[in-house]
Amino acid sequence: MARDRKLLRQLLRFCPHPICVTSNSPSWHVRKTLEAMGLGDIQFENFFTPDRLPFYPTKHDPKSFFGKNCEELFSYARLVVFDDSRSNLSRICENFPKAEGVLVSHQNPLTTAWLRTGLLDPEFEFDQVQYLDSKNAVDRKSIDSKVWNEIVASLQDLGKREVHIADVGAGILSMLDLFLHGDASEGLQPLLRIDTKGPSYVHYTAYESNAKLYAACHQKLLSWGFIAREKAGNVIVYEGPSAQVRLILQNFDRSQPIPPPDLIVGCCFADLFDPSLLVPSLIRSFSLLENQKTILYFPITFEGITQLFPPQPFELSIDGTIPSDTAALRVYSEALSGDLGHNLDPKLLQDEMERHGFTLQRKGASNWNIDHGGNPYLYRCMLYFFGSAAGPKLQQDGWDAQCWTQRIRKRNPQIQVSNADLVFQVGQNPEHCPHNINSDLVSEEIYFVGPRDVTTRKQRIPGLRPTQVLIKSSYSLISSGTELKIFNGLFDDAALDSTIEDMKAERMAYPLAYGYCLVGHVVQCGGAVPNDLIGKLVFSFSPHASHVVTEFDNIHIVPDNISPEDAIFMPSVETALSLIHDANPRMGENVAVFGQGLIGLLVTAILSEQRQTSNSGKFGVLTAFDAIPNRLMAAARFGATQAIFPGGFGGPFDVSIEVSGNSRALQSAIDLTVDGGRIIVGSWYGNSAVNLNLGIEFHRSQKTIRASQVSKIPSKLLSTWNKDRRFEFTWELVRNLRPSRMLSRVTDIKSGKDAYEALDKGAEIAIAFKY
C-alpha cells in the first residue's frame, strides 16, 4: 500500500500533462482527502467540485458540472477520465466524444489504471501463475547446461540411493521437473539413474509463500501423478514413484530448520534479496555449517542488465526526448534495486558467501532471449515491468517515458536479460591456505606452438637467485587483444615487450609462453628479498603458469580490499586509463567507444564514473558500439548511456576511441567524429593491412587521429604524471570498478585452447585461468 501511494504521488507530480480533480464532494473534503493520501502539495490544473457553482450539480450531468470549462475540456487533444462509477464515466463519454473513460476498482486501482493510459498496454492483464509458466519455459533454454550437468554428476557421485533437495523458491516446481526428467533437447541430464551407482529417489522440500502459487504447485503435482498422502498445517506431503515432495506454504526462513540437504536450489531467487540477510538465513535454516558437502545452486540469477535488440538511441519527440534503450533500462534496474530492494550484483552475493566460508565453485551464463513471437506472454510481462518500474522514474527525470514504451510496442525488439548460474559450497578459500615452499617443483604453463595451436607444458621450477621470488598462482587473465593476435599468428617477430623486464629478452615468435596478468601468493624468497613477503598477494607481468619465478622488483603487492580476481585486471585498467588520458574528454563532450571487448568495456566503465548525461540527450552522452549483443549488455552494465550496433545512429561525437581491432570500426570512428574532433586508436592491428577512406571530407575536417599505447606516459603529461602515480591510481580504479564482474568464464589452463577460441569468436567477454 505504501509503495502504491509513493508511486501514485510520483506519477501525479511528474506527469507532463495537466491534471484536474473532479468530485461530487465539496472542495474542502477533497483537499482533506488528498492531504491524507500525501498528495496535498501536488499542483493540479483545476478542481471541479459542486460547491464552486451556485447550484449543486453532480458528474452525472457533465455539462452542468463542468459549466464554462466545457470548452477547455473539448480543446484537449486527449482527455482521460478516471472514475469509480461506470454511470459517471458513461455520461461523461457521451458528452465529450474525445474522452477515454477508465474505471477505477479494487481489481484496477488508480495507480495501475493511470499506468495503463500510457506506460502500460491497456489490454494486458498480469497473472503470476501464467508469468511463471512462461518464464520457466525460457529458463530451460537459458540454464547453463555445463553447470547443470556438473551439479547432477556431483550428486550422483555422492554414492547415495536417496538424495535430499531443498527448493527455496519453488515457483511452480520447474526445478523438480528438471531433476526428475532432465531435458534432452537442452542438454540437461536428469538426476535419477537406472543403474546401481546413482540416486534413484529424491526427497524434495519445496517452499512457496504465495497462496496462489502454492495452489498451482499442488495442481501441478497432481497432474504429474503425485498423491497427497498427508497434510499438517501449511505442509502437504506427496508421494510419487521416484520422489517424495514436502510442499510448504511459507518462506524457508520462517519454517522449522531442517537437516542439511545435499542440494539447495533457488531459481530466479538470489537476486531478490540483500546478500547480507540471505546468506545467514540460509545457514540458520539448513544448518549448513554442520554439513560441508551441501551444494548451493542459484540458476538464473539476474545480473542487473536488460537490453533490447536492435537497441535504439536517443530521439526527439513532441514532448521532449525519448531516452535511449540503454539509458531507460538502466533506470529500470535502478528502480528494481532502489524501490524493490533487489541485489543486481552477483559479486556481492559471492563476497557474502565467501565471508561465511563458502567458495564459488562454478559460474555460467544463463541469459534470457525473449522474442515477441516465441514467448508472447513473457514478452508482454517484461513490457509491463518496464512501464510500471521504469516509466514513473523516467518521467521524474524529464524523459518522454510514454513514447519510449510505445516505441518498444511498435518495434517489438528482442529482449535480452543477463543472468548467471552460481554454485557455492563450504570449503577453504585457496587464498587462505598455508603456503608450503617445498611442495611443488614443477610448473605448468600455457604454450603457444603455432597459429591456433595452444597446449600446456610442464617445467621444473629453477632455484631462486637472491633477488627473485617464487609465486604460486591464483588467477591469470587472458589479454583478449594481444594474446588473440599471438593465438592467430597475426604478429611480426619483435621483442615480447620492451617495457616489461621479464619479456625484454624474449622474442615474439613461436613457440612461446605469453601472458602478463597474473596474481598469486609469494611462497619462497631469494636471499636478498625480505621473508615477510611470503604469503603476500602480488601481481606479476608474467605468462600463464601455475608457478612463476620473477624478480622482486618486478612484482606489485596487491593493495588491501582488492580480490585476486579483480587484481588480474590491473594492466587492462591501466591501458583504459591511458587511452582516456590521451583522449582527454571535456565536460559536456559526447564520446564514443568503438569496440566493447575487455579494453573497450573498461574505457566505458571509467568514463561513466566521470560523466553525467543531460536529459536532452545532447551533452555528455557516452555511446558504446559493438556487433555482439552480450558485449552491448555489458557496456550497458558498466555505464554506457547508449549501447548500439554499428550503423545505428548515435553521433556525431567530439571524441571517438577505437579499440575494436576492426578497420571498419576505425573508419566509422573517423566518419562519425565532428570536424576538429579527436580519434584515439588503441587497437593493435598486428601485421594486418588497414584500408581507410581519407578523402576530401577528411582532408578538410581538421580531425586528429592519435595512436595510444600504454607502455609510456605521453610526453604532454610528463610534468604531472609518471608510471608510479598511474599505477597507484590504477589500483584505486580496480578497487572501485571491481572489474572481475566482466569475467564471463573462469577455467583451468588445460582448457586454454577452448578459451582462446571462445574469445576469438566473441562468445566470451573475459576469461581467467584459475590455478
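This is a predicted model, so every value here is computed, not measured.

### Description of the confidence of the model for the protein
Overall, the predicted model of the protein reaches an average pLDDT of 91, with 95% of residues at or above 70. In the predicted structure, residues 428-436 sits below a pLDDT of 50 and forms 11 contacts with residues beyond four places in sequence or in another chain.

### Things to note about the state of the cysteines
Tallied over the entire structure, the rule returns 0 disulfides. Here Cys217 is not cross-linked by a disulfide; its sulfur's nearest cysteine counterpart is in Cys267, at 13 Å. Classification of Cys217 by relative accessible area gives buried; the value is 0%. Considering cysteine sulfurs only, Cys15 is the nearest to Cys403, which forms no disulfide, with 13 Å between them.

### Describing the side chain of Gln307
Along the chain, Gln307 turns up in strand β11 (residues 295-309). Beyond its immediate sequence surroundings of up to four residues, Gln307 is in contact with Asp325, Thr326, Leu329, Gln414, Ile415, Gln416, Leu632, Met633, Ala636 and Ala643.

### Notes on the nonpolar core
If you look at the biggest cluster of nonpolar residues, it comprises 95 residues, and the most contacted ones within it are Tyr204 and Phe386. Counting residues per element, this core draws most heavily on helix α14 (residues 376-396), which supplies 11 residues. Those residues in contact with Phe386, other than ones at most four positions away along the chain, are Thr306, Leu308, Leu329, Tyr332, Gly391, Trp404, Ile408 and Ile415.

### Side note on the sheet that holds strand β28 (residues 673-681)
Strand order across the open sheet formed by 6 strands is β26-β25-β24-β27-β28-β29, with parallel pairing between neighbours. The outermost strands of the open sheet, each flanked by one partner alone, are β26 (642-644) and β29 (704-707). Neighbouring strand axes in the sheet, compared pairwise and without regard to direction, differ in orientation by 15° on average. Relative to β28, strand β27 (residues 653-658) is paired through 5 bridges, and the arrangement is parallel. Each residue of the ladder has a partner; that of Ile657, found in β28, is Ile680.

### Re helix α21 (residues 663-672)
If you check which residues of α21 are buried, you get Ala665, Leu666, Gln667, Ala669 and Ile670. Here the buried face of α21 lies against β24 (591-594), β27, β28, α22 (696-701) and β29.

### Observations concerning the pattern of salt bridges
Oppositely charged side chains can pair when the atoms bearing their charge come close. Using the criterion set out here, one finds 34 salt bridges in the structure. With a shortest N-O distance of 3.5 Å, Lys141 and Glu186 are connected by a salt bridge. Separated by 45 residues along the polypeptide, Lys141 in helix α7 (residues 128-142) and Glu186 in the loop between α9 (174-181) and β6 (201-207) bring together distant segments of the chain. One network of salt bridges, with partners in common, ties together Arg140, Asp177 and Asp183.

### Focus on unusual backbone geometry
Cis geometry marks the peptide bond from Phe309 to Pro310; its omega dihedral reads -5°. Mapped onto the secondary structure, Pro310 falls in the loop between β11 and β12 (315-317). Cis geometry is adopted by the peptide bond preceding Pro511, which originates at Tyr510 and carries an omega value of -10°. Looking at where Pro511 falls in the secondary structure, it is placed in the loop between α16 (482-488) and β20 (518-525). The phi dihedral of Ile300 falls on the positive side, at around 55°, and the residue is not glycine.

### Quick word on the environment of Leu470
Looking at where Leu470 falls in the secondary structure, it is placed in strand β19 (residues 468-477). Residues Leu470 and Cys525, spaced 55 residues apart in sequence, show a C-alpha to C-alpha distance of 6.4 Å. Setting aside residues no more than four positions away along its own chain, Leu470 makes contact with Ile461, Leu464, His521, Val522, Val523, Gln524, His547, Val548 and Val549.

### Some points on the packing of helix α11 (residues 275-286) against helix α13 (residues 346-355)
Viewed as axis vectors pointing N to C, α11 and α13 meet at an angle of 45°, and their least axial separation amounts to 9 Å. It follows that α11 is oblique to α13 by the angle criterion. Where α11 crosses over α13, the handedness of that crossing is right-handed. Side by side, α11 and α13 meet where Pro275, Ser276, Leu278 and Val279 of the first sit next to Leu348, Leu349, Glu352 and Met353 of the second. Split into classes, the residues belonging to the contact of α11 with α13 amount to 6 nonpolar, 1 polar and 1 charged.

### Let's talk about the pairing of strand β25 (residues 622-625)
With burial as the criterion, each face of β25 is covered, one bearing Leu622 and Ala624 and the other bearing Thr623 and Phe625. Examined bridge by bridge, β24 and β25 share 4 bridges and lie parallel to one another. For Val593, the partnering residue across the bridge sits in β25 and is Ala624.

### Notes on the packing of aromatic side chains
Under the criterion given, the structure shown has 35 aromatic pairs. Between Phe65 and Phe66 the ring centres are 5.2 Å apart and the planes differ by 90°, which places this aromatic pair in the edge-to-face class. Judged by its relative accessible area of 6%, Phe66 is buried. With centroids separated by 5.7 Å and ring planes inclined at 45°, the aromatic side chains of Phe126 and Tyr131 adopt a geometry described as tilted.

### Considering a nonpolar patch on the surface
A grouping of Val690, Leu692, Leu694 and Ile705 is seen on the molecular surface, where their side chains present a nonpolar patch of about 280 Å² in accessible area. With respect to the helices and strands, the residue Ile705 is situated in strand β29. For Ile705, a relative accessible area of 37% puts it in the partly exposed group.

Reading the values: rules and limits
Residues numbered from 1 in each chain as written. Predicted model: local features only at pLDDT ≥ 70, side-chain atom pairs only at ≥ 80, totals over all residues. Heavy atoms only, no water. pLDDT = per-residue confidence, 0-100. Contact = heavy atoms within 4.5 Å. Disulfide = S-S within 2.5 Å. Buried < 20%, exposed > 50% of the residue type's maximum accessible area, 1.4 Å probe, protein only. Helix = DSSP H or I, 4+ residues; strand = E, 2+ residues; numbered from the N terminus. Core = buried A, V, L, I, M, F, W, Y, C linked by side-chain atoms within 4.5 Å. Pairing = 2+ DSSP bridges. Axes fitted to C-alpha atoms, helices over the stretch in contact; angles between N-to-C directions. Salt bridge = Lys/Arg side-chain N within 4 Å of Asp/Glu carboxyl O. Parallel < 35°, antiparallel > 145°, perpendicular 65-115°, else oblique. Left-handed = near helix turned anticlockwise from the far one by under 90°. Nonpolar A, V, L, I, M, F, W, Y, C, P; charged D, E, K, R; others polar. Phe/Tyr/Trp six-rings, centres within 6.5 Å; stacked < 30°, edge-to-face > 60°. Patch = residues over 30% accessible without salt bridge, like charges linked within 9 Å, V, L, I, M, F, W, Y side chains within 5 Å. Areas by Shrake-Rupley, 256 points an atom, 1.4 Å probe, with all protein chains shown as cover.

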